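Here are the chains, one letter per residue:
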Amino acid sequence: MDNSRKLYIIRHAKAETIPGIGDFDRALTSEGIQHAKQVAAKLATKVTLDDNCVVISSPANRALQTTRIFLDVLGSPSFDIQIEESIYECTYKHLLSVINAIPEHINNVLLVGHNPTLTDLVEYLTRKAAYLRTSSYAEIKLDTGFTFQMLSGNCADLVQIID
C-alpha cells in the first residue's frame, strides 16, 4: 500500500460570466457543476477524507461551490473546509507557504483554487509541464519522507492530471 503524502490540487469548475457580477462572486454554470461531479467521482477512488486530511479552499464563490461538490461526491459533505482568504489572488509561492503550514500528521491535502496560480504551483513542485483546466485536479505525491512543511520546488512527483 502506498502511504506517501499526497496533494490534490483542484481548479474550480466552470463559472458564469454575467455583467454586473464581480469575479469573486461568480457562480458555477450547470455544465461546470456536472463536470465537477464527474471529476470528483474519479478522485473518490483515490482518497477518503479522515482526520489525516485537510481541505483548503479559496473564498471565491466558484471555488467554494466546487469544494462542496467534491466533498459531497467524496461522501463527506460536512467535512471541515479551511477557507484561506489569501489564496483568492496570490502567487504560487504564497500557496506553497499555506501548504508549508499544514501540520505534520496530515497525509492528504485537497487544495481548491484558481489558475494560473495552481498550474504554476504544480510545475514548480514537480518540474513537469502542466495545465489545469476547470474542474481538473493534479495528483502530486511528495517524495519519500517529506512532510507538507518540507515541500518545495522539485521534490514531488506529478502522478497524473485528471479532467
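So, a few notes on the structure that sits alongside this text. Model, not experiment: these values are computed from the prediction.

Parameters at a glance
- Residues numbered from 1 in each chain as written.
- Predicted model: local features only at pLDDT ≥ 70, side-chain atom pairs only at ≥ 80, totals over all residues.
- Heavy atoms only, no water.
- Pairing = 2+ DSSP bridges.
- Helix = DSSP H or I, 4+ residues; strand = E, 2+ residues; numbered from the N terminus.
- Axes fitted to C-alpha atoms, helices over the stretch in contact; angles between N-to-C directions.
- Contact = heavy atoms within 4.5 Å.
- Buried < 20%, exposed > 50% of the residue type's maximum accessible area, 1.4 Å probe, protein only.
- Expected span 1.5 Å × (residues − 1).

A word on the sheet that holds strand β1 (residues 6-11)
No. 1: The six strands lie next to each other as β3-β2-β4-β1-β5-β6, forming an open sheet whose pairing is mixed. Looking along the sheet, the strands with just one partner apiece sit at the ends: β3 (81-83) and β6 (156-162). Mean inter-strand twist for the sheet, computed between neighbouring axes without regard to direction, equals 20 degrees.
No. 2: In terms of strand pairing, strand β2 (residues 53-57) meets β3 through three bridges, oriented parallel. Within the sheet, the bridge partner assigned to Ser57 lies in β3 and is Ile83.
No. 3: Each of β1, β4 (108-113), β5 (137-142) and β6 is contacted by helix α4 (residues 117-126), which is oriented at about 155 degrees to β1, the strand it contacts most.

Remarks on the pairing of β4
No. 1: Here β4 lies mainly inside the structure; six of its six residues are buried.
No. 2: Burial along β4 is two-sided: Asn108, Leu110 and Val112 facing one way and Val109, Leu111 and Gly113 facing the other are all buried.
No. 3: Relative to β4, β1 is paired through six bridges, and the arrangement is parallel. By the bridge assignment, Lys6 is partnered in β4 with Asn108.
No. 4: Sheet analysis places β2 next to β4, joined by five bridges and oriented parallel. By the bridge assignment, Ile56 is partnered in β4 with Leu111.

Quick look at helix α2 (residues 61-73)
No. 1: Helix length check: α2, at 13 residues, gives a terminal C-alpha distance of 18 Å against a target of 18 Å (1.5 Å per residue), a fit within 8%.
No. 2: Against the buried residues of α2 lie β1, α1 (30-44), β2, β3 and β4.
No. 3: Positive backbone phi, at 80 degrees, marks Gly75, one or two positions downstream of α2.

The analysis is restricted to geometry; functional conclusions fall outside its scope.
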